[in-house]
Amino acid sequence: MARDSREQQLIELKDTVKELNTTIKNLNALIEAANKREAEHLEKEKVLQEQIEYLTKKLFGKSSEKRDDFEGQLNLFNEAETLMAEPDPEEQEFTTVEKHTRKKKTKMTDKFANLPVQKVLLDVPEDERICDICGTPLERIGEEFVRREIEIIKPSLKIIEYYSVSYGCPKCKEDAEVPHIVKGRDDQKHMLHGMASAGTVAWVMYQKYVNCLPLYRQEKDFKMYGAEICRGTIANWIINNAEDFFRPMHEYFQRKLVSGKYIMADETPVQVLKEPGRRAETKSYMCYVMSSCLIPKSL
């Protein structure tokens, strides 16, 4: 009976061990599934965090219209404070020493050497040119430098009207059937579009493409100078004259371009305002094309 009891206990122990092994296997499977779900949750959390950072940057960060990392782009608010602490590289000269290079200080006279100078005399009033001691009239004995100022002379507009002067022979007027008349000739004919002179067209182009001054601001400037010139007129000056003067150059480069063996192109991003069907923040591209025959041989 004791033997049968031990065998029965062994059988029960084996069944218990088998059940425990099954439980352990199931628990390991549950742990592995939980770890897999945790890894998936961490990956989703990482993706969501990246999206939050991207959207936060788009919402609260600098927009494309407020970027200040373009070369030549002006900052309207703290430009003066920023540039005040920076030395002007054009005003710095260098002198070579034995072991290092030292900046040479520029003199005030060198900075303004190319500007015209107007001399203003701070004279003594005529009624004060009498000696207070003996009453003898004072004589000029010299002058002394006081200060120096930089004066800006604002631009001004004027109208230039050309008249042809006529001359007639008084004798032929009385004797001849046809009077002899000579008129002044315009040797430099006006080849521009509109009333603008060559200097005026060059000035508005310079303001637009070098100083990045929009046409509506140039329109305000002209109004300040006393002339009502709308931006459409200024645009016609630029477009029509540019087409006439640069068309031969354009056609020459076009012939050179198509005669080359291969063509290279470069894309420069540019922002276009009020473009139909597109947002102002959308990037547009300006393409530069170059032919193989336009490349110098030294390259």
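Preceding this section is the structure that the text describes.
Remember, predicted model here, so these are calculated numbers, not experimental data.

Draft legend 1. Summary view of the overall build of the chain. Scanning the chain from terminus to terminus reveals 7 helices and 6 strands. Of the contacts formed within the chain by residues at least 6 apart in sequence, a portion of 36% connects residues at least 24 apart. Entry remark: accessible area of the chain is about 28800 Å², with carbon and sulfur atoms responsible for 56%.

Draft legend 2. Here's a closer look at helix α6 (residues 215–224). Those residues of α6 that fall on the buried side of the exposure criterion are Leu215, Gln218 and Phe222. Summarising the axial view, the buried residues of α6 lie within an arc of 55 degrees, below the 170-degree limit, and thus occupy one face. Facing away from the buried surface of α6 by more than 90 degrees, the exposed residues are Lys220, Lys223 and Met224. Looking at the packing, one finds that the buried side of α6 touches α5 (198–209) and α7 (231–258).

Draft legend 3. Structural context of the packing of aromatic side chains. Scanning the entire structure with this criterion turns up 3 aromatic pairs. Between Phe222 and Trp237, the ring centres sit 6.5 Å apart and the planes meet at 90 degrees, which makes this aromatic pair edge-to-face. Residue Phe222 is located in helix α6, and its partner Trp237 is located in helix α7; the two are separated by 15 residues in the primary sequence. With respect to burial, Phe222 and Trp237 carry one shared label: buried.

Draft legend 4. Spotlight on the side chain of Asn241. Inspection of the secondary structure assignment puts Asn241 in helix α7. Apart from residues lying up to four places away in sequence, Asn241 is in contact with Leu192, His193, Val201 and Asn236.

Draft legend 5. How the structure looks around α7. At Phe246, α7 shows its largest kink, close to 50 degrees, and the proline Pro248 lies no more than four residues downstream. Every buried residue of α7 is accounted for by Ile234, Trp237, Ile238 and Asn241. Summarising the contacts, the buried residues of α7 are in contact with α5 and α6.

Draft legend 6. Broad picture of unusual backbone geometry. Positive phi, normally seen in glycine, also occurs at Cys212, with a value near 55 degrees. Its location among the elements puts Cys212 in the loop between α5 and α6.

Draft legend 7. Structural detail: the side chain of Ser284. Structurally, the position occupied by Ser284 is in strand β6 (residues 283–291). The class for Ser284 is buried, based on a relative accessible area of 8%. Within the structure, Ser284 has its side chain in polar contact with the side chain of Glu275 (distance 3.2 Å).

Draft legend 8. How the structure looks around the environment of Tyr167. When you line up the elements, Tyr167 lands in strand β3 (residues 166–168). In the structure, Tyr167 is positioned 16 residues away from Lys183 in sequence and 6.3 Å away in space, judged by C-alpha atoms. With residues near it in sequence (within four places) discarded, Tyr167 still touches His180, Ile181 and Val182.

Conventions used here
- Residues numbered from 1 in each chain as written.
- Predicted model: local features only at pLDDT ≥ 70, side-chain atom pairs only at ≥ 80, totals over all residues.
- Heavy atoms only, no water.
- Helix = DSSP H or I, 4+ residues; strand = E, 2+ residues; numbered from the N terminus.
- Contact = heavy atoms within 4.5 Å.
- Areas by Shrake-Rupley, 256 points an atom, 1.4 Å probe, with all protein chains shown as cover.
- Buried < 20%, exposed > 50% of the residue type's maximum accessible area, 1.4 Å probe, protein only.
- Arc of directions from axis to C-beta.
- Phe/Tyr/Trp six-rings, centres within 6.5 Å; stacked < 30°, edge-to-face > 60°.
- Bend = angle between axes of the 7 residues up to and from the residue.
- Polar contact = N/O pair within 3.5 Å; in protein donor to acceptor, adjacent residues only side chain to side chain.

All we've got here are geometric facts, nothing functional implied.
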